[in-house]
Every structure is written in structure tokens, then in C-alpha cells.
Amino acid sequence: MVGCHKVSISSFSMTHQLDSKSLSNQENLKLFEKWNNSNDHGHNYKAAVIVHGANDPVTGMVMILTDLKEYMEAIKKPLDHKNLNPDVPYFADVVSTTEKCSWENLGKSPEFLPLEVFYKVKVYETDNNIIVYKGE
């Protein structure tokens, strides 16, 4: 049977400060500008996770929608309404860019989403800043 894509979209809010421990305060400010603000800044993100696979002959679906929504909740929980820099251990030594949010928390870990069906994730930080990661 022909495979297809299924998309689930979730919204969440986070704050963060773009800051690299490898750079001086002046270098961080020059590189990251207003996004290096010590008071942090936040976004209302949208994440679209796309799965791909063969349609199940019984359900007719690539993945049961309620299962996909459960995965989305597991992905969202450690990030939603958090200040990434102090609240999420991964970002203690990693610059909290949207690129890192999309891969580290929205697809890499098999407990979040079975890798055999993971196809792509799009994280919308703003209308003009969209990160796309395609499991490669």
C-alpha cells in the first residue's frame, strides 16, 4: 500500500537567551545582538512533526492520531513555559537556538517518536524564522 505523510502541530512558549560560553560578553552581544539580552526573550512556537510510512491495512493510517498527539505532548512538556537556559539541562552548555530545540527535543530521541516513521519537523519561531529538520 502506498505510504503517506501525517502532520501534527503543537504550540508552546519558551524564553531563552542566545549566549555562547565560548565567547566573551562583548562577542556574544555583537553576534546575537538583542537576542543576547540578559533578561531573555521569548517566542510562541509552533512545531509541525511529519511522519511517513505505509498505511496500516486495518486503520488506514500511518500512525494513529492519538498516538502522534501523545508523542507531541512528550516533546512539548520539557520545553513549554520554560526558560531554556536555566530550566533545561541540555542548554546549560549549548546555545539555545531553535535549530537545537528542533533536533534535540523534536525527533532525535526514540522515546519521543519512533524513528522509522519520523520524516521531518518544522519549528516556527516566528512567521519569518522557520527551522526545518529532515531526519538526516
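Residues numbered from 1 in each chain as written. Predicted model: local features only at pLDDT ≥ 70, side-chain atom pairs only at ≥ 80, totals over all residues. Heavy atoms only, no water.

The name recorded for the chain in an unreviewed UniProt entry is 6-pyruvoyl tetrahydrobiopterin synthase, from Gulo gulo. In its Pathway (unreviewed entry) section, the UniProt entry covering the chain states "Cofactor biosynthesis; tetrahydrobiopterin biosynthesis; tetrahydrobiopterin from 7,8-dihydroneopterin triphosphate: step 1/3." Per its UniProt entry, the chain bears the Cofactor (unreviewed entry) comment "Zn(2+)". (UniProt positions renumbered as here; feature names shortened; annotations may be inferred.)

(A) The arrangement of the nonpolar core in detail. One finds Phe12, Met14, Val51, Leu79, Leu84 and Val121 to be the most contacted residues of the largest nonpolar core, which totals 21 residues. Leaving out residues up to four positions away in the same chain, Phe12 has contacts with His43, Asn44, Tyr45, Ala47, Lys76, Leu79 and Asp80. (Core = buried A, V, L, I, M, F, W, Y, C linked by side-chain atoms within 4.5 Å. Buried < 20%, exposed > 50% of the residue type's maximum accessible area, 1.4 Å probe, protein only. Contact = heavy atoms within 4.5 Å.)

(B) Quick look at the packing of aromatic side chains. Considering all chains together, one arrives at 2 aromatic pairs under this definition. Between the aromatic rings of Phe12 and Tyr45, the centroid separation amounts to 5.5 Å while the plane-to-plane angle is 10°, which identifies the pairing as stacked. Of the two residues, Phe12 sits in strand β1 (residues 3-16) while Tyr45 sits in strand β2 (residues 41-54), which places them 33 residues apart along the sequence. The exposure class of Tyr45 is buried, given its relative accessible area of 2%. Note on Tyr90 and Phe91: the rings are 5.0 Å apart at their centroids and 80° apart in plane angle, and the pair reads as edge-to-face. (Phe/Tyr/Trp six-rings, centres within 6.5 Å; stacked < 30°, edge-to-face > 60°. Helix = DSSP H or I, 4+ residues; strand = E, 2+ residues; numbered from the N terminus.)

(C) Main features of the pattern of salt bridges. For the structure shown, the criterion picks out 2 salt bridges. The residue Lys21 makes a salt bridge to Asp93 at a minimum N-O spacing of 4.0 Å. One end of the pair, Lys21, is in the loop between β1 and α1 (25-32); the other, Asp93, is in the loop between α3 (84-87) and α4 (98-105), with 72 residues separating them in the sequence. With respect to burial, Lys21 and Asp93 carry one shared label: exposed. Glu73 is the partner of Lys76 in a salt bridge, and the nearest nitrogen-oxygen pair spans 3.8 Å. Of the two residues, Lys76 and Glu73 are both situated in helix α2 (residues 65-76); the distance of 3 residues between them amounts to about one turn of the helix. (Salt bridge = Lys/Arg side-chain N within 4 Å of Asp/Glu carboxyl O.)

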